[in-house]
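Below, each chain spelled out in residue letters.
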Amino acid sequence: MSTAGFNAQNGTGQPYANGPSQNPVGVQQLPAVNYGVMPQPSYNPMQAKSPVPPGPGLYPSGPYQHIPPVSSYQPGPPPTSYPAAPGQAHLTRAPLGGPVSHTPPQSASPIPGPRLPPPQCTPPPPAVSSSGYYPNPQHQQPPLMAPPWQYNSAPPPMGPPVPMNTQPRGPATNHVTPPAPYSSATSLSMSHNAMQPPTSLQGCGQPGGAPPPMNPAASHQYHASSAPYGTTPTGPPPTTKPAAPPMANATPPPPKTDAGPPQPGPPGRHLGHYPSLPPGYQHHAPPHGGPSTSHPGIQSATQPYTRAPQLYQQPPPGPGPAQLSPSLASMSLQSGTPETLRVVNLLQERNLLPPGPVPAPTPCLPQDLQKINCSPEVFRCTLTSIPQTQSLLNKAKMPLGLLLHPFKDLSQLPVVTSSTIVRCRSCRTYINPFVSFLDQRRWKCNLCYRVNDVPEEFMYNPVSRSYGEPHKRPEVQNATIEFIAPSEYMLRPPQPAVYLFVLDVSHNAVETGYLKVFCQSVLDNINALPGDSRTKIGFITFDSTVHFYNLQEGLSQPQMLIVSDIEDIFLPTPDSLLVNLNESKELVQDLLKSLPTLFEKTMETQSALGSALQAAFKLLSPTGGRLSVFQTQLPNLGVGALQSREDPNQRASAKDIQHLSPATDFYKKLALDCSGQQVAVDLFLLSSQYCDLASLGCISRYSAGSIYYFPSYHDKHNPAQVEHFQKDLKRYLTRKIGFEAVMRIRCTKGLSIHTFHGNFFVRSTDLLSLPNVNPDAGFAVQMSIDENLDDMQVVSFQAALLYTSSKGERRIRVHTLCLPVVHSLSDVFAGADVQAMGGLLACMAVDRSVTASLSDARDAMTNAAIDSLSSYRQSVLTIQQPGLLAPACLRLFPLYILALLKQKAFRTGTSTRLDDRVASMCQLKYQPLAYAMLMIHPALYRVDDLTDEGALNVSERTVPQPRVLQLSVEKLSRDGAFLMDAGTIMYLWIGRNCNPNFLTQVLGVPNYAAVPENLYLLPELETAESQRTRAFVGWLREQRPFFPLLHVIRDESQLKVPFMQNMIEDRTESALSYYEFLLHLQQQISK
Ligand SMILES: [Zn+2]
């Protein structure tokens, strides 16, 4: 029964009555063949619908195990039992990374055949299992009181991680499964501590989808800036080590591998033998031995360092970071009062903003370690000094978590080609700069402390071309590095780049005019789509029916095939709908040229989006790939049909916001099916009406897609939005992409990861399934401390992203972050990263809004500020003084919390469209921190008096650097012009008495009254003022991958409203001013 959907596809059932006759697409011949379909057991995913769980369960019984057994939603037979579709390669490979299993490693690799070794949870983390995108209804707790939002509490006891098998690849489907315990809710709960006051949020996951990053011209190309390492510069890896372990980043080691048994220590049984104190640190070092530079064990091997000709950015010679023991021993975290702990009375010090961007704090590590540490742009922790125990963390009352931007476009990325990727035999950590070498032949893992052998090959350093310096290999000199996976590690060919576009062509869609822009953009960028000679492409359009396009090479023109039976959708000609781009490029171009006119006159108003998505899923299932959906209205026909849930009258007045969770689980279920087949769905929502993004967004959220939102899109009425769409689409089409990806985040024993934020599906405790990964996606995770870290001086975190490049290479990008462990509360506070905390709290609050309520989330955020500042006051401050006191590093915390409360996602009392709110929530969850921070707290600059003083020089351009102003109307003046950078949007506000020089020299208008109403481009004038202004705006835009629109506004402009709403420090009718908010905090703290 579960094969019903594919019978149609395979032609083994009674697919369609008419047979796929071929109708050239032509404007005249529009409606082509309609395939009527025999009734078949139909896909009725609604049957599986289960109730949306009520708010936050009190205390999740096993808070992290909302994952029902996979079988409950994926009862398909094993892939091998499906017949291959005729004419299709029968791919039986397991999903990348393989199904999760807990079988012993021995069984993982030897199975021949197209199967990757299953990833395992090795060693099963003592606590946690994250995700919970599937709250098992059984686990639902009665919706008593909202639980305290407790990021700091001890992790609750948990069972072993629940395995989450992914669906087998191949033509399996589970559409007709019996009602499964699917639930649209999720609760990534956090742990709670009964001692805690009932404040705050609980981290619960389940917001809408994710936000869309997008961008300007940043090249998508892979900056393989450095030549690959290895004896061969680029080509295939040396084949000297045929017995390399099958790998999958997520895969635990096959026991046999690498280079023989570990020498010291009990082979196989690890941790017990190496107690918490890493011997590497014990061996050396009088605690105050000064920053000695090299590891005694390998000192003798240190030789003059020869730089290889490759472009690799070699850290300066000197103490290898791997030789960190002595340095650590000398680490002193307490030397006087650091600037970060300077006491600030927030009620007195008004201007707390630094003149420029707020810098990320630097972890308090020895210099040689810090120099090599992972960039905060990629990997950041809310606390740059990790508390030694959970109780210390509880006391600090600050959230502990990581923020990642793992696939960021990097200008420098060392790439290593090696037949042996050196990993810990026990926990599979990749060798990194923070391991220690006991001697030349042994290294100790910095995550689990197992001693591993150094493989023979690793003894040769391709950079210095010397032998016997394993600690100088690029792998131990770079905290961010990429490996090209050796071919032995691949048991099947990596998938090609596959792009399928699904386009709304209903009357409403045509009316917006987006189709023209879309088609032109694809035409313009068709040669820049990432890929190679295997790249495939396809198109589906839909209104009340679904239209396919036969683009088979050899046809004289594209043929349109219409399937009107949307209740049981099937593929009319499965083999010719997704075609090789190179071979069929002309047909594709013909289609793109004719599409906009093809539907010009349509009067069809209905939208069968659900059926179109099902068809697209079937089409992509055999290979995996990227599905890009363009939708302009609420789907109202067939499966997945939705109804409007928004009452416009309630936008401002509602006590609490309803309908933040999906109305149906159709989109989520389909997304999970997609994820199982390595298909990611990106949603472009272009609409002026309510589209229920909370429901539609699930399609992207759970399939690791992106969401792009263009409210009020119209090609005539909203030209700025068109520009925005064009820019974003160009970035989208041309940016780098990784297919069939998985990401695993590991951390030092004693720490555990629980709740994940972003767009993905959590496959096992720490493994994220990412059918696609893009360079604009961010992730966040929450952590807890399970075991005391007493004997440790540092801990490490490693994120490994395994993906298939658009050129068909399997690659692994590894980031490793090292942070000190501290035992005093003041040190914990000294290391607080206020932006990372704000970013993580925003993610947690989104979850809380959906699972509990918006007001609950708002209370929780306020309490987060109260809790941390009162903890500081009670436990850190030695001299009590009046005022609202904060350590300097947290001085912006209350401001950021207030900014979040006034953010579109969380605000109340201000008219906010539901879709706008949900889109904002998605963005907060999915944007990398740097961009999310601008959404939360925009930067305001005065720009009518820009000078070159203190300007930057960026590629021959002089970029002025005006200082950042407080977000208050006080800072505006009528004779000036002010630029507000809010991340995805910028406003240039022109004062009524604006300096005439600025008007003429920059805007090219004679006076204020002549400033056009809808100005969104700065004219390119040959004046110094114009050049400065454009250089500054251009430079701001270059800092992010998406394209922020610039609106020039006057006092009378409609857009003045959102501009003024961003004046966070000011009072509004429904919200406190910053000063009032501080008073409120003070009052609560002194209670
Ligand atoms: Zn290890």
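Since the structure is predicted, the reported quantities are computational estimates derived from the model, not experimental observations.

## Looking at the packing of aromatic side chains
Here the structure, examined in full by the defined rule, presents 25 aromatic pairs. Taking 6.1 Å as the distance between ring centres and 55° as the angle between the ring planes, the aromatic pair formed by Tyr-499 and Phe-739 counts as tilted. In this pair, Tyr-499 is assigned in strand S13 (residues 498-504) and Phe-739 in strand S21 (residues 738-747), connecting sequence segments 240 residues apart. Look at Phe-739 and you get buried, because its relative accessible area is 0%.

## Side note on unusual backbone geometry
The backbone of Lys-397 sits at a positive phi, close to 55°, despite the residue not being glycine. Mapped onto the elements of the fold, Lys-397 is located in the loop between helix H6 (390-396) and strand S5 (401-404). For Arg-465, which is not glycine, the phi dihedral falls at a positive 55°. Assignment of secondary structure puts Arg-465 in the loop between strand S10 (460-461) and strand S11 (466-467).

## What to know about the packing of helix H18 (residues 893-901) against helix H24 (residues 1074-1085)
Running from N to C, H18 and H24 point in directions that differ by 115°, and their axes come no closer than 10 Å. Our classification of the angle between H18 and H24 gives roughly perpendicular. Read as a crossing pair, H18 and H24 show a hand that is right-handed. Residues Pro-894, Leu-895, Ile-897, Leu-898 and Leu-901 of H18 form the contact with H24, whose own contacting residues are Tyr-1074, Phe-1077, Leu-1078 and Leu-1081. For the contact of H18 with H24, the residue count by class is nine nonpolar, no polar and no charged.

## Regarding the coordination of the zinc ion
Taken together, Cys-424 (SG), Cys-427 (SG), Cys-445 (SG) and Cys-448 (SG) make up the protein donors of the zinc ion, found 2.2 to 2.3 Å from the metal. Considering all four donor atoms around the zinc ion, angles at the metal cover 100 to 115° and the coordination shape is tetrahedral. Going along the chain, you hit the donors of the zinc ion in the pattern C-x2-C-x17-C-x2-C. Note on accessibility: Cys-424 and Cys-427 belong to one class, buried.

## Describing the sheet that holds strand S25 (residues 779-785)
Ordered by their spatial adjacency, four strands build an open sheet running S3-S5-S25-S22, and the pairing between neighbours is antiparallel. The outermost strands of the open sheet, each flanked by one partner alone, are strand S3 (379-381) and strand S22 (751-757). Each strand axis lies, on average, 25° off the axis of its neighbour in the sheet, ignoring direction. In this structure, S5 lies alongside S25, joined through four bridges in antiparallel fashion. Its bridge partner being in S25, Leu-403 is matched across the sheet by Ala-780.

## Remarks on helix H9 (residues 585-598)
With 14 residues, H9 extends 19 Å between its outermost C-alpha atoms, agreeing within 8% with the 20 Å of an ideal straight helix rising 1.5 Å per residue. Those residues of H9 lying buried are Leu-587, Val-588, Leu-591, Leu-592, Ser-594, Leu-595, Pro-596 and Leu-598. Where the residues of H9 are buried, they touch S13, helix H8 (514-525), strand S14 (536-542) and strand S15 (546-550).

## Describing the pairing of strand S27 (residues 810-822)
In terms of burial, S27 is a largely internal element, 13 of the 13 residues being buried. Strand direction decides the pairing type here: strand S4 (residues 386-387) and S27, joined by two bridges, are parallel. Across the sheet, the residue bridging to Pro-387 is Val-822, located in S27. As judged from the five bridges shared by strand S12 (residues 480-484) and S27, these two strands associate in the antiparallel manner. When the sheet's bridge partners are listed, Glu-482 is paired in S27 with Arg-813. As paired elements, strand S26 (residues 794-805) and S27 share 11 bridges and run antiparallel to each other. In the sheet register, Ser-796 faces S27, and the bridge partner there is Cys-818. As consecutive antiparallel partners, S26 and S27 are separated by four residues, and within that stretch Gly-808 has a phi angle of approximately 85°, a positive value.

## Here we look at helix H16 (residues 834-851)
With 18 residues, H16 should reach 26 Å at 1.5 Å per residue; the first-to-last C-alpha distance of 25 Å fits that figure. The buried count for H16 comes to 18 of 18 residues, which makes it a mostly enclosed element.

## Some thoughts on the environment of His-507
Tracing the backbone shows His-507 in helix H7 (residues 507-512). Residue classification places His-507 among the partly exposed positions, given a relative accessible area of 29%. As a C-alpha pair, His-507 and Glu-604 span 97 residues in sequence and 5.4 Å in three-dimensional space. Apart from the residues within four sequence positions on either side, His-507 is in contact with Thr-602, Met-603, Glu-604 and Thr-605. Within the structure, His-507 has its side chain in polar contact with the backbone oxygen of Thr-602 (distance 3.1 Å).

## Focus on the sheet that holds strand S29 (residues 939-942)
In space, the four strands of this open sheet follow the order S29-S32-S33-S34, with mixed pairing throughout. Of all the strands in the sheet, the pair left with one neighbour each is S29 and strand S34 (1045-1049). With strand direction ignored, the average angle separating the axes of adjacent strands in the sheet is 15°. Relative to strand S32 (residues 977-981), S29 runs antiparallel, the two being bridged by four bridges. Its bridge partner lying in S32, Arg-942 is registered against Phe-978. Docked against the sheet, helix H22 (residues 1024-1038) engages S29, S32, strand S33 (985-990) and S34, running at close to 10° with respect to S32.

## Focus on the pattern of salt bridges
Tallied over the entire structure, the rule returns 35 salt bridges. Its salt-bridge partner being Arg-380, residue Asp-833 comes within 2.7 Å of it at the nearest N-O pair. Taken together, the residues Asp-833 in the loop between helix H15 (825-830) and H16 and Arg-380 in strand S3 connect sequence positions 453 residues apart. Given a relative accessible area of 2%, Asp-833 falls into the buried group. The salt bridge involving Arg-1050 is made with Glu-1013; its shortest N-O contact spans 3.7 Å. Here Arg-1050, found in the loop between S34 and helix H23 (1056-1061), pairs with Glu-1013, found in the loop between helix H21 (996-1003) and H22; they are 37 residues apart in sequence, far enough to count as distant.

## Here's the deal with the packing of H21 against H22
Here H21 crosses H22 at 75°, and the two axes come no closer than 7 Å. Classed by the angle they form, the pair H21 and H22 counts as roughly perpendicular. Facing H21, whose interface residues are Asn-997, Phe-998, Gln-1001 and Val-1002, H22 presents Glu-1025, Ser-1026 and Thr-1029.

## Topic: the nonpolar core
One finds Phe-797, Leu-988 and Leu-1003 to be the most contacted residues of the largest nonpolar core, which totals 214 residues. The element contributing the most residues to this core is H16, with 11 residues. If sequence neighbours within four positions are ignored, Leu-1003 has contacts with Leu-988, Ile-990, Phe-998, Val-1011, Leu-1015, Leu-1018, Pro-1019, Leu-1021 and Val-1048. One finds Ala-497, Val-522, Tyr-732 and Leu-733 within the second-largest nonpolar core, a separate group that totals 43 residues.

## Considering the pairing of S22
Within S22, seven of the seven residues are buried, leaving the element largely enclosed by the surrounding structure. Pairing of S22 with S25 involves five bridges; the strand directions are antiparallel. Bridge pairing links Ser-752 to Ser-784 in S25.

## Observations regarding the confidence of the model for the chain
When pLDDT is averaged along the chain, the result is 75; 68% of the residues meet or exceed 70. The model gives residues 1-148 a pLDDT under 50, and that stretch makes 416 contacts with residues more than four places away or in other chains. Note on residues 152-335: pLDDT is under 50 here. Beyond four places in sequence and across chains, it has 619 contacts.

## Looking at the side chain of Gln-477
Take Gln-477: it is sitting in the loop between S11 and S12. Overall, the relative accessible area of 7% leaves Gln-477 in the buried class. A distance of 3.2 Å separates the side chain of Gln-477 from the backbone oxygen of His-471, its partner in a polar contact.

Procedures and definitions
- Residues numbered from 1 in each chain as written.
- Predicted model: local features only at pLDDT ≥ 70, side-chain atom pairs only at ≥ 80, totals over all residues.
- Heavy atoms only, no water.
- Phe/Tyr/Trp six-rings, centres within 6.5 Å; stacked < 30°, edge-to-face > 60°.
- Helix = DSSP H or I, 4+ residues; strand = E, 2+ residues; numbered from the N terminus.
- Buried < 20%, exposed > 50% of the residue type's maximum accessible area, 1.4 Å probe, protein only.
- Axes fitted to C-alpha atoms, helices over the stretch in contact; angles between N-to-C directions.
- Parallel < 35°, antiparallel > 145°, perpendicular 65-115°, else oblique.
- Left-handed = near helix turned anticlockwise from the far one by under 90°.
- Contact = heavy atoms within 4.5 Å.
- Nonpolar A, V, L, I, M, F, W, Y, C, P; charged D, E, K, R; others polar.
- Donors = N, O, S within 2.8 Å, 3.2 Å for Na, K, Ca; no water.
- Tetrahedral: all angles 85-135°; square planar, octahedral: opposite > 155°, others 65-115°.
- Pairing = 2+ DSSP bridges.
- Expected span 1.5 Å × (residues − 1).
- Polar contact = N/O pair within 3.5 Å; in protein donor to acceptor, adjacent residues only side chain to side chain.
- Salt bridge = Lys/Arg side-chain N within 4 Å of Asp/Glu carboxyl O.
- Core = buried A, V, L, I, M, F, W, Y, C linked by side-chain atoms within 4.5 Å.
- pLDDT = per-residue confidence, 0-100.

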